[in-house]
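A look at the structure
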Amino acid sequence: MSTTHKLAVPAGGFRRIAVIRLSSLGDVVLTLPVVHALRRAYPEADLQYWVKEEYAAVLRDDPAVTRVRALERDASRVEDLVSMSAELEDRDLIVDLHGSLRSRLLTFRLPAPVLRLRGSRVQRERWVRARWTRPRPLPHATARYAEVLAPLGLMADGAPHVTVGAAAREWARSQRSALGPGTLVALCPGARHATKCWPEERWCELERGLAQIGVQRVVLSTASERRALPKLSAQLTGTSGGVWATEPLERSMAWLGECTVAVTHDSGLMHLAAASDRPVVALFGSTSPVLGFSPCGPGHAVISRELACQPCTVHGRNACPLGHFRCMLEIGVEEVLALVRDRLSGQPGAS
């Protein structure tokens, strides 16, 4: 059994803290309980968060964060990272929630103590490549991040919660008002990998089903994801009560705040919707909740068939390795619609 070594806290507490989690969207969201625990413990601290610029909007309006250090998209060379590490020399505590080669280069030979995330790659790969060893489900990612603070004796409990800036909130309210009164559901049909995606025709059928019961719909995606879903795009454009939003991240966050329920894949928007305090109906394909990345908090529904071949990957694949794609094809529209209606009625049942 491993023993947690306590870290000596200076008189008056830590005053200059850096938290590092460079990517990706879902992981950045799931680190928020750690950030908020540090702020509660050290209310006067200058707390910087280091993250890739495409995810910086998650932190910019969070009252716990003093400054967001956004890493430029092209800042990937060793010399870039070594140069940027000089900015961390004045920190008296560094919390590395990434534990990657890049974050290790950023913190190499710095004078401040570094609390670093322990990797779980071996445990996750065991589910994919050695299921015959009967692995246990991994702790939720938020629990793994919380363990990093154990040497400080701090608790990072509770679900993540994102803060949306006033300008983005006002923009989303105006867009919501243009749709007129009614209940609004967010549909998030995108994901980085094809094997995480429910077929387009199922999304089309779900959108029609929601329209038929008088529910308004906003589809949130990137521009490239919309281009990959031409039938759904054309269908939504031809109906009332629906809108497709391909907006910057802070506006997508604000849109989620205007919705009652979100339907997602295992994606960054799944975690963002949950951290917006919205119940999520999450569809898992080639991955699985056993890997520790289900939506965090109460009231969510996770649909995962847990087939003998699932999970077949840690992050996702371009195609089903067995050719049948049953993990997604066996998720029916009526099942998803029923779970959405349960949450719209305020009776989500078991998640």
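Now for a quick tour of the structure. (Residues numbered from 1 in each chain as written. Predicted model: local features only at pLDDT ≥ 70, side-chain atom pairs only at ≥ 80, totals over all residues. Heavy atoms only, no water.)

Turning to the overall build of the chain, a few remarks are in order. Per the secondary structure count, the chain includes 15 helices and eleven strands. Taken against the 2.2 N^0.38 rule, which gives 20 Å for 351 residues, the C-alpha radius of gyration of the chain at 21 Å falls within 12% of a compact globule. For the chain, the C-alpha atoms occupy an extent of roughly 60 × 50 × 40 Å along the three principal directions. Within the span of the chain, comprising 351 residues, buried residues form 54% of the whole. In the chain, the proportion of contacts linking residues at least 24 apart, taken out of those at least 6 apart, comes to 67%. Taken as a whole, the chain presents about 16,000 Å² of accessible surface, with 51% of it coming from carbon and sulfur. Of note, the chain has its 44 positive side-chain charges centred 5 Å away from the centre of its 35 negative side-chain charges. (Helix = DSSP H or I, 4+ residues; strand = E, 2+ residues; numbered from the N terminus. Rg over C-alpha atoms; globule rule 2.2 N^0.38 Å. Buried < 20%, exposed > 50% of the residue type's maximum accessible area, 1.4 Å probe, protein only. Contact = heavy atoms within 4.5 Å. Areas by Shrake-Rupley, 256 points an atom, 1.4 Å probe, with all protein chains shown as cover. Lys, Arg positive; Asp, Glu negative; His and termini not counted. Charge placed at Lys NZ, Arg CZ, Asp CG, Glu CD.)

This part takes up the pairing of strand E1 (residues 16-20). Here E1 lies mainly inside the structure; four of its five residues are buried. With five bridges joining them, E1 and strand E2 (residues 46-52) adopt parallel strand pairing. Pairing of valine 19 across the sheet is with tyrosine 49, part of E2. Bridge count between E1 and strand E4 (residues 93-96): four bridges; the pairing is parallel. Directly across from valine 19, in E4, lies its bridge partner valine 95. (Pairing = 2+ DSSP bridges.)

Here we take up the pattern of salt bridges. Note that side chains of opposite charge can pair when their charged atoms are close. Taken as a whole and judged by the stated rule, the model has 15 salt bridges. The residue aspartate 27 makes a salt bridge to arginine 21 at a minimum N-O spacing of 3.6 Å. Exposure remark for arginine 21: the relative accessible area of 8% places this residue in the buried category. The closest approach of N and O atoms between aspartate 46 and arginine 91, which form a salt bridge, is 2.9 Å. With a gap of 45 residues between them, aspartate 46 in strand E2 and arginine 91 in the loop between helix H4 (78-85) and E4 connect regions that are remote in the sequence. The class for aspartate 46 is partly exposed, based on a relative accessible area of 26%. Three or more residues are tied together by salt bridges with common partners; here these are Asp46, Asp90 and Arg91. (Salt bridge = Lys/Arg side-chain N within 4 Å of Asp/Glu carboxyl O.)

Strands sit in the order E8-E7-E6-E9-E10-E11 across an open sheet of six strands; the sheet is parallel. A strand with exactly one partner marks an edge of an open sheet, and here the two such strands are strand E8 (242-245) and strand E11 (301-303). Pairs of neighbouring strands in the sheet enclose a mean axial angle of 15 degrees, with direction left out of account. Bridge count for strand E6 (residues 184-188) against strand E9 (residues 261-265) is four bridges, and the pairing is parallel. Each residue of the ladder has a partner; that of cysteine 188, found in E9, is threonine 264. (Axes fitted to C-alpha atoms, helices over the stretch in contact; angles between N-to-C directions.)

Attention now moves to helix H13 (residues 268-275). With eight of its eight residues buried, H13 lies for the most part within the structure. The complete set of buried residues in H13 reads Gly268, Leu269, Met270, His271, Leu272, Ala273, Ala274 and Ala275.

What follows deals with the nonpolar core. Counting residues in hydrophobic clusters, the biggest one holds 68 residues, and the most contacted among them are Leu38 and Val58. The biggest single contributor to this core is H13, with six residues. If we skip the residues at most four places from it in the chain, leucine 38 touches Ile17, Val19, Leu47, Leu93, Val95, Leu149, Leu152 and Leu154. Ranked by size, the runner-up nonpolar core spans 29 residues in total, among them Trp203, Ile303, Cys327 and Leu337. (Core = buried A, V, L, I, M, F, W, Y, C linked by side-chain atoms within 4.5 Å.)

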